[in-house]
Amino acid sequence: MDLLQRFTHGEIDAFETLVRQFQGDIYGWIVRIVRDPGTAEDLTVETLWRVYRARHRFRPDGNFGAWARRIATNLAIDHLRRNRPEQSFPMEPAGVPQPDPLVQRETQERIQQAFRRLPAKLQVAAMLALVEELPYDEIASALGTSMGAVKLRVFLAVCILRRRLSRAGIRPE
Amino acid sequence: MTEPDDRQLRDALKQSFPPVKTELRRDLWSDVLRRLDYHPIRVPWYDWALVGLSAAMLLAFPRLFLVFAYHL
């Protein structure tokens, strides 16, 4: 019996082998979305726990890595939803030059905050496409959706973000 | 939205979210096991020592089996 079959039968040794093989990939994927190593580790453990609990639903001829990554993505989206900042940031007059590094840092924080206030699914698509520059088909596979849907999410994220930043007087340089 | 606008926003996002290290710092298997609450049966070393000693005694003094049988 091969490794994936043994895993679906609940053999803990087979699961341990899979954990050691895929934990790095799952962690790497999650940390790109949540941007915090501690949180990413917790979510990786949670993902692997859910993978084990859902083992009966996995087909042994399927792609274990892609399946685990999809579970990880859903967990990361749930995490972003739970930790979405509630308050908006204060307004500032538009078009103010900001050469001071401290002010620039503050601007970056405000952009982060505006980004984190986007709906979680838009955040994930935009983060992976714009910041991480990952291919759309890879993002679509992890989100369990089409490439068209990912492109639409990125477009919406950009529109909302641009409007919010403009309203707050922040112009990306 | 124009292409330069898009690039500006992308650059601003990249500056706001600097690259993260994607390498895992430690093995998470023990954490996963704890999460699963899976406890493999572990025999402590002194139990193995006791079994070994008993076996050696039985081999050396077969008649001790009767004493064991009596106490069991």
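Residues numbered from 1 in each chain as written. Chains lettered and ligands numbered in written order. Predicted model: local features only at pLDDT ≥ 70, side-chain atom pairs only at ≥ 80, totals over all residues. Heavy atoms only, no water.

Participant: Quick rundown of the pattern of salt bridges? Include the residues and the values.
Facilitator: Using the criterion set out here, one finds 18 salt bridges over all chains in the structure. Of the charged contacts, one joins A:Arg50 and A:Glu46 as a salt bridge, the two residues approaching to 3.6 Å between their closest N and O atoms. Of the two residues, A:Arg50 and A:Glu46 are both situated in helix H3 (residues 37–53); the distance of 4 residues between them amounts to about one turn of the helix. Residue A:Glu46 is classed as buried on the basis of its relative accessible area of 18%. Of the charged contacts in the structure, one is a salt bridge between B:Arg26 and B:Asp31, with a shortest N-O distance of 3.1 Å. Through salt bridges with shared partners, one network takes in A:Glu41, B:Arg25, B:Arg26, B:Asp31 and B:Arg34. (Salt bridge = Lys/Arg side-chain N within 4 Å of Asp/Glu carboxyl O. Helix = DSSP H or I, 4+ residues; strand = E, 2+ residues; numbered from the N terminus. Buried < 20%, exposed > 50% of the residue type's maximum accessible area, 1.4 Å probe, protein only.)

Participant: Quick one: what's the story with unusual backbone geometry, residue by residue and with numbers?
Facilitator: Residues and elements named next belong to chain A. Of note in this structure, Arg35 is not a glycine but carries a positive phi near 65 degrees. You can see Arg35 is positioned in the loop between helix H2 (12–34) and H3. When its relative accessible area of 14% is taken as the criterion, Arg35 is described as buried. One non-glycine residue, Glu133, lies in positive phi territory at about 55 degrees.

Participant: An account of the interface of chain A and chain B is requested, with residue identities and associated values reported.
Facilitator: Frequently, the measure chosen for interface size is the accessible area that the parts lose on association. The interface is formed by 39 residues belonging to chain A together with 29 residues belonging to chain B. Summing both partners gives a buried area of about 3,400 Å² for chain A against chain B, and 66% of it is carried by carbon and sulfur. For chain A, the biggest contributors to the area lost against chain B are A:Glu41, A:Val45 and A:Arg162; these three give 17% of the whole. Taken together, chain A and chain B are joined by 6 salt bridges. Here A:Glu133 makes a salt bridge to B:Arg10, at a shortest N to O gap of 3.7 Å. (Contact = heavy atoms within 4.5 Å. Buried area = accessible area lost by both parts, 1.4 Å probe.)

Participant: Tell me what's going on with the nonpolar core, and back it up with residues and numbers.
Facilitator: Soluble, globular proteins show a tendency: their nonpolar side chains are buried together. If you look at the biggest cluster of nonpolar residues, it comprises 67 residues, and the most contacted ones within it are A:Phe7, A:Phe15, A:Ile33, A:Phe64, A:Phe115, B:Leu13 and B:Val32. Of all the elements, H2(A) adds the most residues to this core, at 13 residues. Leaving out residues up to four positions away in the same chain, A:Ile33 has contacts with A:Ala76, A:Leu80, A:Arg116, A:Val124, A:Met127 and A:Leu128. (Core = buried A, V, L, I, M, F, W, Y, C linked by side-chain atoms within 4.5 Å.)

Participant: Quick one: what's the story with the packing of helix H5 (residues 101–116) of chain A against helix H8 (residues 147–167) of chain A, residue by residue and with numbers?
Facilitator: Residues and elements named next belong to chain A. The N-to-C vectors of H5 and H8 enclose an angle of 135 degrees; their axes lie 10 Å apart at closest approach. Classified by the interaxial angle, the pair formed by H5 and H8 is oblique. Taken as a pair, H5 and H8 cross one another with a handedness that is right-handed. Taking contact as the criterion, the partners of Ile111, Ala114 and Phe115 in H5 are, on H8, Leu161, Arg164 and Leu165. Within the contact of H5 with H8, the residues separate by chemical class into 5 nonpolar, no polar and 1 charged. (Axes fitted to C-alpha atoms, helices over the stretch in contact; angles between N-to-C directions. Parallel < 35°, antiparallel > 145°, perpendicular 65-115°, else oblique. Left-handed = near helix turned anticlockwise from the far one by under 90°. Nonpolar A, V, L, I, M, F, W, Y, C, P; charged D, E, K, R; others polar.)

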